[in-house]
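The residues making up each chain are set out below.
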Amino acid sequence: MTIQIPPPGEYRVDPAASTVAFSTRHFFGLGAVKGTFTVVEGAITVADPPTASTVRVVIAADSVNTANPTRDKMVVSKTYLDAANHPTITFVADSVSPPAVQGDLTVRGTSASVTLTVESAETEGENLTLNATTEIDRYDFGVKAMPGMTGRKLAFTLDVVARKVSG
């Protein structure tokens, strides 16, 4: 694990270079499902001390891609993410204690506390690259459709590239 505390300042997340990947199980745990979401925007403020840092990342709820168009359509439907009424998934952290980043994840208008574990953080010039993981229980967000057929827990990996804009 390489965690390098970046220099203090404001960093903007580069959506084109950042990914949110997930994996879960379906069909009573027999099948694996992997997919991604698209990052829309984000900002990281690295403070001195680092424990005062903040993070905000916005994900497009309708951007799910599991390589199965039928499943993707179901995931963005009212049954699961209800992307038509809740177009974004947002993570906002205001507690950083490396390697933990504690914050609120909002899905379908429901927020729950989530802890990301930073697996690596590196800076090169003005670029900050982070890799973090977490596990989400979809029931925490009121997404309870099709128990057994759809995995309850999802493992997430976030690969974020951000560029320093001030500081």
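Criteria and thresholds
Residues numbered from 1 in each chain as written. Predicted model: local features only at pLDDT ≥ 70, side-chain atom pairs only at ≥ 80, totals over all residues. Heavy atoms only, no water. Helix = DSSP H or I, 4+ residues; strand = E, 2+ residues; numbered from the N terminus. Rg over C-alpha atoms; globule rule 2.2 N^0.38 Å. Buried < 20%, exposed > 50% of the residue type's maximum accessible area, 1.4 Å probe, protein only. Contact = heavy atoms within 4.5 Å. Pairing = 2+ DSSP bridges. Phe/Tyr/Trp six-rings, centres within 6.5 Å; stacked < 30°, edge-to-face > 60°. Patch = residues over 30% accessible without salt bridge, like charges linked within 9 Å, V, L, I, M, F, W, Y side chains within 5 Å. Areas by Shrake-Rupley, 256 points an atom, 1.4 Å probe, with all protein chains shown as cover. Salt bridge = Lys/Arg side-chain N within 4 Å of Asp/Glu carboxyl O. pLDDT = per-residue confidence, 0-100. Polar contact = N/O pair within 3.5 Å; in protein donor to acceptor, adjacent residues only side chain to side chain. Core = buried A, V, L, I, M, F, W, Y, C linked by side-chain atoms within 4.5 Å.

**Overview of the overall build of the chain**
For step 1, the next point in the chain: A count of helices and strands for the chain gives one helix and ten strands.
For step 2, the next point in the chain: Along its sequence from the N terminus, the chain presents helices and strands in the succession β-β-β-β-β-α-β-β-β-β-β.
For step 3, the next point in the chain: Compactness check: the chain gives a C-alpha radius of gyration of 16 Å against a globular reference of 15 Å for 167 residues, within 12% of the reference.
For step 4, the next point in the chain: Its C-alpha atoms give the chain principal-axis dimensions of about 45 × 25 × 25 Å.
For step 5, the next point in the chain: Every one of the 167 residues in the chain was classed for burial, and the buried ones make up 40%.
For step 6, the next point in the chain: When contacts within the chain are restricted to residue pairs at least 6 apart in sequence, those whose partners lie at least 24 apart make up 57%.

**Let's talk about the pairing of strand β4 (residues 31–46)**
For step 1, the next point in the chain: Looking at chain direction, strand β2 (residues 9–13) and β4 are connected through four bridges and run antiparallel. Bridge assignment links Arg12 to a residue of β4, and that residue is Ala43.

**Considerations on the packing of aromatic side chains**
For step 1, the next point in the chain: Inspection of the entire model under this criterion finds two aromatic pairs.
For step 2, the next point in the chain: With centroids separated by 5.5 Å and ring planes inclined at 40°, the aromatic side chains of Phe22 and Phe37 adopt a geometry described as tilted. Of this pair, Phe22 sits in strand β3 (residues 19–26) while Phe37 sits in strand β4, and the two are 15 residues apart along the sequence. For the residue pair Phe22 and Phe37, the accessibility class agrees, reading buried in each case.
For step 3, the next point in the chain: Seen in terms of ring centroids, Phe22 and Phe156 are 5.9 Å apart; in terms of plane orientation they differ by 40°. Their pairing is tilted.

**Here's the deal with a nonpolar patch on the surface**
For step 1, the next point in the chain: Taken together, the side chains of Met74, Met146 and Met149 make up a nonpolar region of the molecular surface, amounting to roughly 250 Å² of accessible area.
For step 2, the next point in the chain: The topology assignment puts Met146 in the loop between β9 (127–137) and β10 (153–166).
For step 3, the next point in the chain: Looking at Met146, the relative accessible area reads 41%, which means it is partly exposed.

**Let's talk about the confidence of the model for the chain**
For step 1, the next point in the chain: In this model, the chain carries an average pLDDT of 93, and 96% of its residues clear a pLDDT of 70 or more.
For step 2, the next point in the chain: Of all secondary-structure elements in the chain, the lowest mean pLDDT belongs to strand β1 (residues 2–3), at 72, while strand β5 (residues 54–65) reaches the highest, 98.

**A word on the side chain of Asp137**
For step 1, the next point in the chain: With respect to the secondary-structure elements, Asp137 resides in strand β9.
For step 2, the next point in the chain: Since its relative accessible area comes to 12%, Asp137 is described here as buried.
For step 3, the next point in the chain: Polar side-chain contacts of Asp137 include one of 3.0 Å to the side chain of Arg152.
For step 4, the next point in the chain: Once residues within four sequence positions are removed from consideration, Asp137 is found in contact with Arg152 and Lys153.

**Digging into the nonpolar core**
For step 1, the next point in the chain: Residues Phe37 and Ile44 are the most contacted members of the largest nonpolar core, which totals 41 residues.
For step 2, the next point in the chain: What Ile44 contacts, discounting residues up to four positions off in sequence, is Gly9, Glu10, Tyr11, Val13, Thr54, Val55, Leu128, Leu130, Val160 and Ala162.

**Observations regarding the side chain of Ser18**
For step 1, the next point in the chain: With respect to the helices, strands and loops of the structure, Ser18 is situated in the loop between β2 and β3.
For step 2, the next point in the chain: A distance of 2.8 Å separates a polar side-chain atom of Ser18 from the backbone oxygen of Asp14.
For step 3, the next point in the chain: Contact partners of Ser18, with chain neighbours within four places excluded, come to Val13, Val39, Asp159, Val160 and Val161.

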